[in-house]
Amino acid sequence: MTAVRRLMMALTSEVRGCWYQPERASERGFRQLAEHSPGPVCVHDGEVLLYVNPAFVAWMTAESDAQLVGRGLAEFVRPDAVDGIRARIAALRKLGEAS
């Protein structure tokens, strides 16, 4: 399993309430890395934000992650850019790729 996939699973396991629970130290490490990263980090399913770290919340000038998680990606970009972004995300759907 690639590092990106482990990060996605660790970050979204609680958000989506899925059966997967990160138990290995490496998954906990990825979560801590994202949580404490000075740079914005988000995880999405191609349409909806599933996880945002505190730096992403600050970058978006939101008060909390609850204001962002669950919202559609299209809400955050110009309407004329939506199709291009969806095409880019679709092209990156291979395991281990990141957008």
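Preceding block: the structure.
Residues numbered from 1 in each chain as written. Predicted model: local features only at pLDDT ≥ 70, side-chain atom pairs only at ≥ 80, totals over all residues. Heavy atoms only, no water.

Peer 1: In this structure, what is going on with the overall build of the protein? I would like to understand it.
Peer 2: Summing up its helical and strand segments, the protein has four helices and two strands in all. Helices (α) and strands (β) of the protein occur, in sequence order from the N terminus, as α-α-β-β-α-α. Residues counted as buried form 31% of the 99 residues belonging to the protein. The long-range share in the protein, meaning contacts at least 24 apart out of those at least 6 apart in sequence, stands at 30%. Just so you have it, the protein exposes about 6,500 Å², and 55% of that area is on carbon and sulfur atoms. (Helix = DSSP H or I, 4+ residues; strand = E, 2+ residues; numbered from the N terminus. Buried < 20%, exposed > 50% of the residue type's maximum accessible area, 1.4 Å probe, protein only. Contact = heavy atoms within 4.5 Å. Areas by Shrake-Rupley, 256 points an atom, 1.4 Å probe, with all protein chains shown as cover.)

Peer 1: Would you mind going over the pattern of salt bridges with me for this structure?
Peer 2: Two side chains that carry opposite charge are able to pair once their charged atoms sit near each other. A complete count under the given rule lists three salt bridges for this structure. Where E47 meets R86, a salt bridge forms, and the shortest distance between an N and an O atom there is 3.3 Å. With E47 in the loop between β1 (42–44) and β2 (49–52) and R86 in helix α4 (residues 82–91), this pair connects stretches of sequence that are 39 residues apart. What makes E47 partly exposed here is its relative accessible area of 40%. (Salt bridge = Lys/Arg side-chain N within 4 Å of Asp/Glu carboxyl O.)

Peer 1: Quick question: what am I supposed to make of the environment of V82 here?
Peer 2: With respect to the secondary-structure elements, V82 resides in helix α4. The residues contacting V82, other than those within four sequence positions of it, are A74 and V77.

Peer 1: Help me out: how do you make sense of the pairing of β2 in this one?
Peer 2: The two faces of a sheet get side chains in turn, since along a regular strand they alternate between them. With three bridges connecting them, β1 and β2 associate as antiparallel partners. By the bridge assignment for β2, C42 is matched with V52. The antiparallel pairing of β1 with β2 creates a hairpin that spans four residues between the two strands, and G46 there sits at a positive phi of about 100 degrees. (Pairing = 2+ DSSP bridges.)

Peer 1: How do you make sense of the packing of aromatic side chains when you look at a structure like this?
Peer 2: Applying the stated rule across the entire model yields one aromatic pair. On the basis of an interplanar angle of 65 degrees and a centroid distance of 5.4 Å, the ring pair of F56 and W59 is categorised as edge-to-face. Separated by three residues within a single helix, F56 and W59 lie in helix α3 (residues 54–59), roughly one turn from each other. For W59, a relative accessible area of 57% corresponds to the exposed category. (Phe/Tyr/Trp six-rings, centres within 6.5 Å; stacked < 30°, edge-to-face > 60°.)

Peer 1: Quick question: what am I supposed to make of the nonpolar core here?
Peer 2: A general feature of soluble globular proteins is that nonpolar side chains tend to end up buried together. In terms of nonpolar packing, the biggest core is built from eight residues, these being L49, V52, F56, V57, A62, L68, L73 and I89. When residues of this core are traced back to their parent elements, those giving at least two are β2 and α3. Setting aside its immediate chain neighbours within four residues, V52 contacts V41, C42, V57, D65, L68 and V69. (Core = buried A, V, L, I, M, F, W, Y, C linked by side-chain atoms within 4.5 Å.)

Peer 1: Would you explain the side chain of H44 in this entry?
Peer 2: Structurally, H44 is set in strand β1. A polar contact is formed between the side chain of H44 and the backbone nitrogen of G46, at a distance of 3.0 Å. (Polar contact = N/O pair within 3.5 Å; in protein donor to acceptor, adjacent residues only side chain to side chain.)

Peer 1: It is not clear to me how the environment of V52 should be interpreted in this structure. Could you clarify?
Peer 2: By the element assignment, V52 lies in strand β2. For V52 and A34, which are 18 residues apart along the polypeptide, the C-alpha to C-alpha distance reads 8.7 Å.

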